[in-house]
Amino acid sequence: SSVCTKISTAGLASLPDEPLHSRASPEIAGDSRTEFCLRSAEEIKMGDPDKKWDFYLRTLSSSARDSNLAGDPASDPALLNAVRKLCQLCKEENSEDLVARVYPHFNKLFQRSVASLPQSRSSYGLLLLEIIQFFLDFGEIVLHDADPSLRSFFRSCLSREFADLTVAEATRNFLNVNKRKLLASYPALLPQFFPLLLKLIAWNGEKLLKSFLKVFPELISPASFLPLFPSLVDLPMLVVAMERVERSSGSLIGSSIASIQNSTAPEMLLALMDEAYTGSTIGDGGADSESEDTNAIDAADPLFLELLKDENDGLAERHRTSPSMAAALQAAVNAPQSDRLKQSLKIAPGLLDVYCAIAIRDVNDSLICSLIPLLMARNDVLFPDKNYSYQVRKRLLEFMLASFQRAPNFIALLKKPIMDRLGQAYDSSAKTELALQLCWAIGEHGGGGTSHRDAARELFENLELLLYENLSSSRLGLRESALGSDSENFRKSSQSRLLCFVITAIAKLATHHHELLPRARVSLGKVARSRISDVRVWRRARDYLGLIDDPAISLSVLGPSQGRVQKPGTVNWSDGGTKMIAHIPFYLLGEQEGSPFHDFSFSDIFPRT
């Protein structure tokens, strides 16, 4: 028996190339079992289908009986080849009888492999993928539901072997080959395990990116849409966390991350109890806390655990106050970036592009409306890399404006978070840029539309407050501590830019909602009379004062650029190429002196002869 096992395990891989001995019948005396195994292998080489089945099935059986292999099936080097050959034979022969004979062996082998994973140091990824492929191909014949097997593979195997490039590539190929089948039969599978798949792409980098993008859209579902957003934005932070685990605990191929996650439950429970009864936390530390290794990440850190989770828990909000992760990020910024981190900084913006495109095209309004506050909250909470922050922030703002363009009523529904962000316009340059874009959206879409008068009035009041705050000060409001001594020009430019956005939004809101016209005249009049240092600001306010006194022209110039209902007396500027329309650039009129500034004629524009 042991000789047969050795032949089936060690000699099978070289079967097609090495000559084999002839054999006598199994009943002959002497080394009969050895000769029987050799002659069986010879018949396989000669191409007898029945002998092929029998030989590979005996390989599975002998592996199960061998006490050295029963507890660790993947340690048998010939087992994977036998499984592959049997799967191939089942497809070639198209025999339900063969499938029925093979299935019990595969099912038992799968269960033994999953049970052996926690104690084994062998790689099971390729073996389990082959068996699951058999379950997917012939599940209807043997009445086997592959869903539990797929979930067992992700939870027990891929969570331990995602860092193995061979397993990662095999998983990627498996998902691409079976993409349609998984989407049709198991639509909730990939959205549930998207954190694990992001760990796979973050660790293995650009080598898997091109083919991963083919399956990435299947990760997006109603259950994963919101939680997926912070995971994409935090992809470089995920790399930093995994690299820290590797430096402190060794290779990630195995049980490193899984054991850390499993071992933190008692610590987290103690932390919650301590906080409930004493008002402090275990993480507060004591006098000796500063002497601890600053390179280590606290295993009970909430953000650390969220970054390294394997399954979607449905939570889109993340803990942002994490001293250990803040220290890790600062160390990652100060030290030379690893190749893996550099690749993640390139991968994340591309994944965000796909995410945003799918969201605008396929996701319902309710989910997008729920995403926008998360987007605004994360606008200035990004990985501290200048180029990465710029690329991600640009995409977030573009997506926000595209969402408002798709559903202008979002502005009225989200008036509270929008007003909060307007009040934070002077906290940082990132928040200033967000406030500018929100001002533009409020004016462009009339505060949500003509049916949302109350929301438009509240937004108008916040714009007024922002305008008066900046008129009464000589600066935009960016904190002096956050700016260097050479920031004077930047402050002036930012103040002018913000004021221009605010007064434009005020004029547009008054154009949409005529009940706001008296207040708009007061606000714009104060700016026009202020004569602040930047002439562009008070001149723009003066021009808007002239425009809003003529409702038809004001609606044509300051009304919405798309979806506008044509009203009597308004001018559709897009028809200027085919119709007799006085398409006069108003910025030219602003250069003319004299009053009233809105009362113009062609002689004001064309030079006199």
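Residue positions are counted from 1 within each chain, in the order its sequence is given. pLDDT decides what is reported in this predicted model: residues at 70 or higher carry local features, side-chain atom pairs at 80 or more are listed and counted, and totals for whole chains, interfaces and linings draw on all residues regardless. Excluded from the side-chain calculations are hydrogens and water; all other atoms, namely the structure's heavy atoms, are used.

Under an unreviewed UniProt entry, the protein has the name AP-5 complex subunit zeta-1 and belongs to Linum tenue.

Q: How do you make sense of the overall build of the protein when you look at a structure like this?
A: The secondary structure content of the protein amounts to 30 helices and zero strands. Relative accessibility decides the category of a residue: with a 1.4 Å probe and only protein chains considered, values under 20% of the type maximum give buried, values over 50% give exposed, and everything between is partly exposed. Looking at the protein residue by residue over its 609 residues, the buried ones come to 48%. Residue pairs in contact within the protein that sit at least 24 positions apart in sequence constitute 72% of those at least 6 positions apart. On the protein, roughly 29700 Å² of surface is accessible, and the fraction owed to carbon and sulfur atoms is 53%. Labels follow the DSSP assignment, with helices taken as runs of H or I lasting at least four residues and strands as runs of E lasting at least two, numbered in each case from the N terminus. Only heavy atoms enter the contact rule, under which two residues are in contact if any of them lie within 4.5 Å. Areas reported here follow the Shrake-Rupley algorithm with a probe of radius 1.4 Å; residue values treat only the protein chains shown as occluding.

Q: What is the right way to read unusual backbone geometry from this model?
A: Backbone geometry follows two general trends: most residues other than glycine have a negative phi, and most peptide bonds adopt the trans configuration. One non-glycine residue, Asn 94, lies in the positive phi region at around 50 degrees. Here Asn 94 lies in the loop between α5 (79–93) and α6 (96–116).

Q: Explain the nonpolar core here, please?
A: Side chains of nonpolar character tend, in soluble globular proteins, to be buried together. Buried residues of nine kinds, namely Ala, Val, Leu, Ile, Met, Phe, Trp, Tyr and Cys, make up a nonpolar core once their side-chain atoms join them within 4.5 Å. If you look at the biggest cluster of nonpolar residues, it comprises 161 residues, and the most contacted ones within it are Phe 106, Phe 134, Phe 154, Tyr 355 and Phe 404. Residue contacts for Phe 404: discarding those within four places in its chain leaves Ile 372, Phe 410, Ile 411, Leu 414, Ile 418, Leu 438, Ala 441 and His 445.

Q: Honestly, the environment of Ile 442 in this entry has me stumped. Any pointers?
A: The residue Ile 442 is located in helix α24 (residues 429–444) in this model. Taking relative accessible area as the criterion, Ile 442 reaches 1% and is therefore assigned buried. Along the sequence, Ile 442 and Ala 456 sit 14 residues apart, while their C-alpha atoms lie 8.3 Å from each other. Dropping the residues within four chain positions of it, Ile 442 is found in contact with Ile 411, Ile 418, Leu 422, Gly 447, Leu 459, Leu 463 and Leu 509.

Q: Any chance you could explain the packing of aromatic side chains here in plain terms?
A: Centre distance and the angle of the planes are the two values used to describe a pair of aromatic rings. Whether two aromatic rings pair depends on their centres lying within 6.5 Å, for rings of Phe, Tyr and Trp, where Trp uses its six-membered ring; planes under 30 degrees apart make the pair stacked, over 60 edge-to-face, and the rest tilted. Scanning all chains against the criterion turns up twelve aromatic pairs. Pairing Phe 383 with Tyr 388 gives two aromatic rings, centres 6.3 Å apart and planes at 85 degrees, and the pair type is edge-to-face. Among the aromatic side chains, those forming a connected cluster through ring pairs are Tyr 103, Phe 106, Phe 110, Phe 134, Phe 135 and Phe 138. Sitting over the face of the ring of Trp 203, Arg 340 holds its NZ or CZ atom 3.5 Å from the ring centroid. Counting as a charge over the ring demands two things of the Lys NZ or Arg CZ atom: a distance within 6 Å of the ring centre and an angle within 35 degrees of the ring normal. The aromatic ring of Tyr 468 is capped on one face by Lys 526, whose charged end is 4.6 Å from the ring centroid.

Q: Hey, could you run me through the packing of helix α23 (residues 415–423) against α24 in this one?
A: Relative orientation and spacing of two packed helices are given, respectively, by the angle between their axes and the distance between those axes. Note on geometry: axes are lines fitted to C-alpha atoms, helical ones only across the stretch in contact, with angles between N-to-C directions running from 0 to 180 degrees. Relative to each other, α23 and α24 sit at 130 degrees, their axes nearing to 9 Å. Regarding the angle of α23 to α24, the classification is oblique. The interaxial crossing formed by α23 with α24 has left-handed handedness. Here α23 contributes Ile 418, Arg 421 and Leu 422 to the contact with α24, which in turn contributes Leu 434, Ala 435, Leu 438, Cys 439 and Ile 442. Classifying every residue of the contact of α23 with α24 gives seven nonpolar, no polar and one charged. By the definition adopted for this analysis, an angle is roughly parallel if under 35 degrees, roughly antiparallel if over 145, roughly perpendicular if from 65 to 115, and oblique otherwise. By definition, any crossing whose near helix is turned counterclockwise from its far helix by less than a right angle is left-handed, and any crossing with a clockwise turn is right-handed. In this classification, the charged set is Asp, Glu, Lys and Arg, the nonpolar set is Ala, Val, Leu, Ile, Met, Phe, Trp, Tyr, Cys and Pro, and all remaining amino acids, among them Gly, are polar.

Q: Help me understand the pattern of salt bridges in this model?
A: Where charged atoms from two side chains of opposite charge come close, those side chains can pair. What makes a salt bridge here is a side-chain nitrogen of Lys or Arg within 4 Å of a carboxyl oxygen of Asp or Glu, nothing more. According to the stated counting rule, one finds 24 salt bridges in the structure shown. The shortest N-O distance in the salt bridge between Lys 416 and Asp 420 comes to 2.9 Å. Here Lys 416 and its partner Asp 420 are both found in helix α23, four residues apart, which amounts to about one turn of the helix. The exposure class assigned to Asp 420 is partly exposed, which follows from its relative accessible area of 34%. Several salt bridges converge on common partners, so that one network encompasses Arg 457, Glu 461, Glu 464 and Arg 519.

Q: Explanation requested: α5 in the structure shown.
A: Helical geometry: 3.6 residues make up each α-helical turn, so side chains three or four residues apart lie on a common side. Under the 1.5 Å per step criterion, the end-to-end length of α5 is 21 Å for 15 residues, consistent within 8% with the ideal 21 Å. Here α5 has its buried residues at Leu 79, Ala 82, Val 83, Leu 86, Cys 87, Leu 89 and Cys 90. Take α5 and look down its axis: the buried residues cluster within an arc of 160 degrees, on one side only. In α5, the exposed positions angled more than 90 degrees off the buried face are occupied by Lys 91 and Glu 92. Residue Asn 94 follows α5 closely and has a positive phi angle near 50 degrees. Multiplying 1.5 Å by the residue count of a helix minus one yields the expected span of that helix. An arc is given here, and it is the one of the directions from the helix axis to the C-beta atoms.

Q: It is not clear to me how the side chain of Glu 218 should be interpreted in this structure. Could you clarify?
A: Inspection of the secondary structure puts Glu 218 in the loop between α13 (209–215) and α14 (225–233). Positive: Lys, Arg. Negative: Asp, Glu. His and the chain ends are not part of the count. At 4.9 Å, Lys 179 is the nearest oppositely charged side chain to Glu 218, a buried residue that forms no salt bridge. Sequence-distant contacts of Glu 218, that is, excluding residues within four places in its chain, are made with Lys 179, Leu 183, Leu 190 and Pro 191.

Q: Quick question: what am I supposed to make of the side chain of Thr 511 here?
A: If you trace the backbone, Thr 511 turns up in helix α26 (residues 488–512). A 3.5 Å cut-off defines polar contacts: any pair of N or O atoms within that distance qualifies, except that in protein one atom must be a possible hydrogen donor and the other a possible acceptor, and neighbouring residues in sequence count only when both atoms are side-chain atoms. Within the structure, Thr 511 has its side chain in polar contact with the backbone oxygen of Ala 507 (distance 2.8 Å). Apart from the residues lying within four places of it in its own chain, the contact partners of Thr 511 are Ile 548, Ser 554, Leu 555 and Leu 558.

Q: Hey, could you run me through the packing of α14 against helix α19 (residues 339–362) in this one?
A: At a minimum axis distance of 9 Å, the contact between α14 and α19 shows a crossing angle of 160 degrees. Relative to α19, the element α14 is oriented roughly antiparallel. The handedness of the crossing between α14 and α19 is left-handed. On α19, the residues touching Phe 225, Leu 226, Leu 228, Phe 229, Leu 232 and Val 233 of α14 are Ala 348, Leu 351, Leu 352, Tyr 355 and Ala 359. Grouping the constituent residues of the contact of α14 with α19 by class yields eleven nonpolar, no polar and no charged.

Q: It is not clear to me how the confidence of the model for the protein should be interpreted in this structure. Could you clarify?
A: Detailed reading of predicted coordinates is not advised where the pLDDT is low. Known as pLDDT, the predictor's per-residue confidence is scaled from 0 to 100. Looking at the protein, the pLDDT average stands at 77 and 70% of residues meet or exceed 70. Across the protein, element-level confidence peaks in helix α11 (residues 189–192) with a mean pLDDT of 96 and bottoms out in helix α1 (residues 2–10) with 41. Low confidence marks residues 264–296, where pLDDT is under 50. Its contacts with residues over four positions away, or in another chain, come to 18 contacts. Low confidence marks residues 474–485, where pLDDT is under 50. Its contacts with residues over four positions away, or in another chain, come to 25 contacts.

Q: So what exactly am I meant to see when it comes to helix α20 (residues 365–378) here?
A: Look at α20: 20 Å from first C-alpha to last across 14 residues, which is about the 20 Å you get at 1.5 Å a residue. What α20 keeps buried is the set Leu 367, Ile 368, Cys 369, Leu 371, Ile 372, Leu 374, Leu 375, Met 376 and Arg 378. Residues of α20 that are buried in the fold lie against α14, α19, α21 (386–406), α22 (409–413), α23 and α24. With a side-chain oxygen lying 3.1 Å from the backbone nitrogen of Ser 366, the N-terminal cap of α20 falls on Asn 364.

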